[in-house]
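Structure at a glance
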Amino acid sequence: KAGVTQTPRYLIKTRGQQVTLSCSPISGHRSVSWYQQTPGQGLQFLFEYFSETQRNKGNFPGRFSGRQFSNSRSEMNVSTLELGDSALYLCASSLLWDRDNEQFFGPGTRLTVL
Amino acid sequence: SQKIEQNSEALNIQEGKTATLTCNYTNYSPAYLQWYRQDPGRGPVFLLLIRENEKEKRKERLKVTFDTTLKQSLFHITASQPADSATYLCALRSYDGNNRLAFGKGNQVVVIP
């Protein structure tokens, strides 16, 4: 079974630009979560989707948005990039939402904002 | 405010010894707690889950305890090996209206041959 895939793996953008990151969950998994990881803050929850609906949202500004498609694939978008958005963005999938399922993480997208 | 605290200092341990990591939480009522391993440049990998009504869980050389009175989980790696060197993260989900999966910042373990 293929794991969680994220594209692109690396991205360099400049301030003010916008970016879209993509996540393909493990086949059969219907829940996708997104996290931002930085050395100072650790793993911070962005949002969680299940059946194309956002079920939970973290404490991030409205510049961060996401969506999930009918095939469970998910995208997240960051508009008007700031230097502080430089981070590793991780996507995780699980079978169901709001249950004690383990989360399967992708390799992440390393975003650098110049 | 809600907090999940792990030791920020790396744990350096001799090969063969038991490594013990601590996860303390504040203002959560966790339904369960998970432990993950993360290697540099990679996503976390799930290791163990322990529910609120369980005291201890084991998997091979790993053991997790969960004390809801102390609001603490301990993670043990017995007979540690250099390949166990990584960062270990605890995560918990509570069902008190804010039921996102929240992670600690992780604790690095370095096993010295």
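These remarks concern the structure in this document. (Residues numbered from 1 in each chain as written. Chains lettered and ligands numbered in written order. Predicted model: local features only at pLDDT ≥ 70, side-chain atom pairs only at ≥ 80, totals over all residues. Heavy atoms only, no water.)

1. Points about unusual backbone geometry
Working note: non-glycine residues mostly have negative phi, and peptide bonds are mostly trans. Residue Pro8(A) follows Thr7(A) across a cis peptide bond; omega there is -10°. Here Pro8(A) shows up in the loop between strand E1 (5-7) and strand E2 (10-13). The backbone of Ser51(A) shows a phi angle near 50°, a positive value even though the residue is not glycine. With respect to the helices, strands and loops of the structure, Ser51(A) is situated in the loop between strand E5 (42-50) and strand E6 (53-57). Judged by its relative accessible area of 32%, Ser51(A) is partly exposed. One non-glycine residue, Glu60(B), lies in positive phi territory at about 55°. Topologically, Glu60(B) is positioned in the loop between strand E6 (56-59) and strand E7 (62-67). Residue classification places Glu60(B) among the exposed positions, given a relative accessible area of 78%. (Helix = DSSP H or I, 4+ residues; strand = E, 2+ residues; numbered from the N terminus. Buried < 20%, exposed > 50% of the residue type's maximum accessible area, 1.4 Å probe, protein only.)

2. Observations regarding the side chain of Arg37(B)
Residues and elements named next belong to chain B. Counting through the fold element by element, Arg 37 comes out in strand E4 (residues 30-38). On the basis of relative accessibility, which here comes to 19%, the residue Arg 37 falls in the buried class. Looking at Arg 37, its side chain comes within polar contact range of the main-chain oxygen of Ala 83, at 2.7 Å. Beyond its immediate sequence surroundings of up to four residues, Arg 37 is in contact with Gly 43, Pro 44, Val 45, Leu 47, Ala 83, Asp 84, Ser 85, Ala 86, Thr 87 and Tyr 88. (Polar contact = N/O pair within 3.5 Å; in protein donor to acceptor, adjacent residues only side chain to side chain. Contact = heavy atoms within 4.5 Å.)

3. Things to note about the state of the cysteines
Residue and element names in this part refer to chain B. Considering all chains together, one arrives at two disulfides over all chains under this definition. At a sulfur-sulfur separation of 2.0 Å, the disulfide partner of Cys 23 is Cys 90. Looking down the S-S bond of the Cys 23 and Cys 90 bridge, the torsion is 65°, so its handedness is right-handed. Of the two residues, Cys 23 is situated in strand E3 (residues 19-26) and Cys 90 in strand E9 (residues 86-94); the sequence distance between them amounts to 67 residues. (Disulfide = S-S within 2.5 Å.)

4. Description of the side chain of Thr109(A)
Residues and elements named next belong to chain A. As for its position among the elements, Thr 109 is in strand E11 (residues 109-113). We classify Thr 109 as buried; its relative accessible area is 0%. Reaching out from Thr 109, the side chain makes a polar contact with the backbone oxygen of Pro 8 at a distance of 2.5 Å. Once you skip the residues sitting within four places of it in the chain, Thr 109 turns out to touch Gln 6, Thr 7, Pro 8, Arg 9, Leu 21, Ala 87, Leu 88 and Tyr 89.

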